[in-house]
Amino acid sequence: MGHRWTKVSRLKQADYNAKNNAFDFLQFFKCRMGDVKDHQDRHVEFASRNVHHITTIQSWEEKLTEATRDGKILVANFSAPWSGPCRSIAPIYCELADKYPSFMFLTVDVDALAEFSTSWDINATPTFFFLKDGRQVDKFVGADKVELPKKIAAVANLTSRF
């Protein structure tokens, strides 16, 4: 299942430099990026694969507004770069992002957005929320590589009826 996300584990990450946090996060959650050496190139490549890295409330609100405007299902993956389960599910998440281009896939860094993540009641990473028109339609907790694709397919079928 998912990694238990607590204040203790966050305190262990206290020395985590915010500047390096985004770079490390992208290293852990890369989607077939090859040997890109520049951090900016990594981010562009990562974002271009239908997985958008969220580290600010402003970027969350922009993507939520965009998904609502475009009628897309938003899949929000609340993750931590140091979490083994998050790292193990990342390639599957990227494959699903490629498979479902009508969805918008976000990866929310729980360390960069600790208060925001707490407001979503994140108790374990990874936690996936499925939103339609800004409202939660489903939730999935854990790094189950078999069940996550099934959950996304079920949400796709459920929302296609509306």
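Remember, predicted model here, so these are calculated numbers, not experimental data.

**Some details on the sheet that holds strand S2 (residues 51–54)**
Turning to step 1, where the next piece is worked out: Strand order in the open sheet formed by five strands is S2-S4-S3-S6-S7, with mixed pairing between adjacent strands. Only two strands of the sheet have a single partner each, and these edge strands are S2 and strand S7 (135–141). Ignoring strand direction, the axes of neighbouring strands in this sheet form an average angle of 25 degrees.
Turning to step 2, where the next piece is worked out: Pairing of strand S3 (residues 73–79) with strand S4 (residues 103–109), which is carried by seven bridges, proceeds in the parallel orientation.

**Brief notes about helix H4 (residues 57–70)**
Structurally, the α-helix is built with 3.6 residues per turn, so residues lying three or four positions apart point the same way.
Turning to step 1, where the next piece is worked out: Taking 1.5 Å of rise per residue, the 14 residues of H4 would be expected to cover 20 Å, and the 20 Å separating its terminal C-alpha atoms lies within 8% of that figure.
Turning to step 2, where the next piece is worked out: Taken together, the buried residues of H4 touch S2, S3, S4, helix H6 (114–119) and strand S6 (127–132).
Turning to step 3, where the next piece is worked out: Where H4 terminates, the next one or two residues include Gly 71, which has phi positive at roughly 70 degrees.

**Description of the nonpolar core**
Turning to step 1, where the next piece is worked out: Counting 20 residues, the largest nonpolar core has Phe 103, Phe 105 and Ile 152 as the members making the most contacts within it.
Turning to step 2, where the next piece is worked out: Beyond its immediate chain neighbours, meaning those up to four positions away, Phe 103 contacts Asn 50, Lys 72, Ile 73, Val 75, Ile 152, Val 155 and Ala 156.
Turning to step 3, where the next piece is worked out: One finds Trp 60, Ala 80, Val 110 and Leu 113 within the second-largest nonpolar core, a separate group that totals 17 residues.

**Quick notes on the environment of Phe 140**
Turning to step 1, where the next piece is worked out: Mapping Phe 140 onto the fold places it in strand S7.
Turning to step 2, where the next piece is worked out: The class for Phe 140 is buried, based on a relative accessible area of 11%.
Turning to step 3, where the next piece is worked out: With residues near it in sequence (within four places) discarded, Phe 140 still touches Pro 126, Thr 127, Phe 128, Phe 130, Glu 147, Leu 148 and Lys 151.

**A few points about the packing of aromatic side chains**
Turning to step 1, where the next piece is worked out: Following the criterion strictly, the structure yields 13 aromatic pairs and no others.
Turning to step 2, where the next piece is worked out: Consider the rings of Phe 78 and Trp 120, whose centres lie 5.9 Å apart with planes at 40 degrees: the pair is tilted. Of this pair, Phe 78 sits in strand S3 while Trp 120 sits in the loop between H6 and strand S5 (124–125); the two residues are 42 residues apart in sequence, bridging distant segments of the chain.
Turning to step 3, where the next piece is worked out: Of the residues examined, Phe 78 reaches a relative accessible area of 0% and is grouped as buried.
Turning to step 4, where the next piece is worked out: Joined through ring pairs, the aromatic side chains of Tyr 93, Tyr 100, Phe 103, Phe 105, Phe 128 and Phe 140 make up one cluster.

**Describing the pattern of salt bridges**
Turning to step 1, where the next piece is worked out: Inspection of the entire model under this criterion finds four salt bridges.
Turning to step 2, where the next piece is worked out: Salt-bridge contacts for Glu 147 lead to Lys 150; the nearest nitrogen and oxygen are separated by 3.5 Å. Here Glu 147 and its partner Lys 150 are both found in helix H7 (residues 147–160), three residues apart, which amounts to about one turn of the helix.

**Considering the confidence of the model for the protein chain**
If pLDDT is low for a region, its predicted coordinates should not be looked at in detail.
Turning to step 1, where the next piece is worked out: The share of residues in the protein chain with pLDDT of 70 or more is 69%, and the mean pLDDT across the chain is 79.
Turning to step 2, where the next piece is worked out: Taken element by element, the protein chain is modelled with least confidence in helix H3 (residues 39–47), mean pLDDT 36, and with most confidence in S6, mean pLDDT 98.
Turning to step 3, where the next piece is worked out: Ignoring residues within four places in sequence, the model shows residues 1–29, a span with pLDDT below 50, making 74 contacts including any to other chains.
Turning to step 4, where the next piece is worked out: Scored below 50 in pLDDT, residues 32–48 makes 26 contacts in the model with residues more than four places away or belonging to other chains.

**Description of unusual backbone geometry**
Turning to step 1, where the next piece is worked out: Residues Thr 125 and Pro 126 are joined by a peptide bond in cis, for which omega reads -5 degrees.
Turning to step 2, where the next piece is worked out: Tracing the backbone through its elements, the reader meets Pro 126 in the loop between S5 and S6.
Turning to step 3, where the next piece is worked out: Backbone geometry places Asp 121, a non-glycine residue, at a positive phi of 60 degrees.

**Focus: helix H5 (residues 84–99)**
Turning to step 1, where the next piece is worked out: Spanning 16 residues, H5 covers 24 Å between terminal C-alpha atoms, matching the ideal 22 Å at 1.5 Å per step.
Turning to step 2, where the next piece is worked out: The sharpest bend along H5 measures roughly 40 degrees and falls at Ala 90, with the proline Pro 91 sitting one to four residues further on.

Here is what the cut-offs are and how they apply
- Position labels on residues start from 1 in each chain and follow its written sequence.
- Thresholds applied to this predicted model are a pLDDT of at least 70 for local features of residues and 80 or more for the giving and counting of side-chain atom pairs; totals over whole chains, interfaces and linings are not thresholded and use all residues.
- By convention in this description, side-chain values take in all heavy atoms of the structure and omit both hydrogens and water.
- Think of it this way: DSSP has to see at least two bridges between two strands before they count as a pair.
- Under the DSSP-based scheme used, a helix requires at least four consecutive residues in state H or I and a strand at least two consecutive residues in state E, with every element numbered from the N terminus.
- An axis is simply a line fitted to the C-alpha atoms; with a helix, the fit covers only the stretch in contact. Between two such axes, the angle follows the N-to-C directions and lies from 0 to 180 degrees.
- In this analysis, the expected span of each helix is defined as 1.5 Å times one less than the number of residues it contains.
- Any two residues whose heavy atoms approach within 4.5 Å are treated as being in contact.
- For the purposes of this section, nonpolar cores are sets of buried Ala, Val, Leu, Ile, Met, Phe, Trp, Tyr and Cys residues that join through side-chain atoms within 4.5 Å.
- Exposure classes here rest on a 1.4 Å probe applied to the protein chains alone. A residue is buried below 20% of its type maximum, exposed above 50%, and partly exposed in between.
- Each Phe, Tyr or Trp ring, with Trp reduced to its six-membered ring, pairs with another whose centre is within 6.5 Å; inter-plane angles below 30 degrees give stacked pairs, above 60 give edge-to-face pairs, and intermediate values give tilted ones.
- Criterion for a salt bridge: a side-chain nitrogen of Lys or Arg within 4 Å of a carboxyl oxygen of Asp or Glu.
- As a per-residue measure, pLDDT reflects the predictor's confidence and takes values from 0 up to 100.
- We define the bend at any residue as the angle between the axes fitted to the seven residues before and including it, ending there, and the seven starting there.

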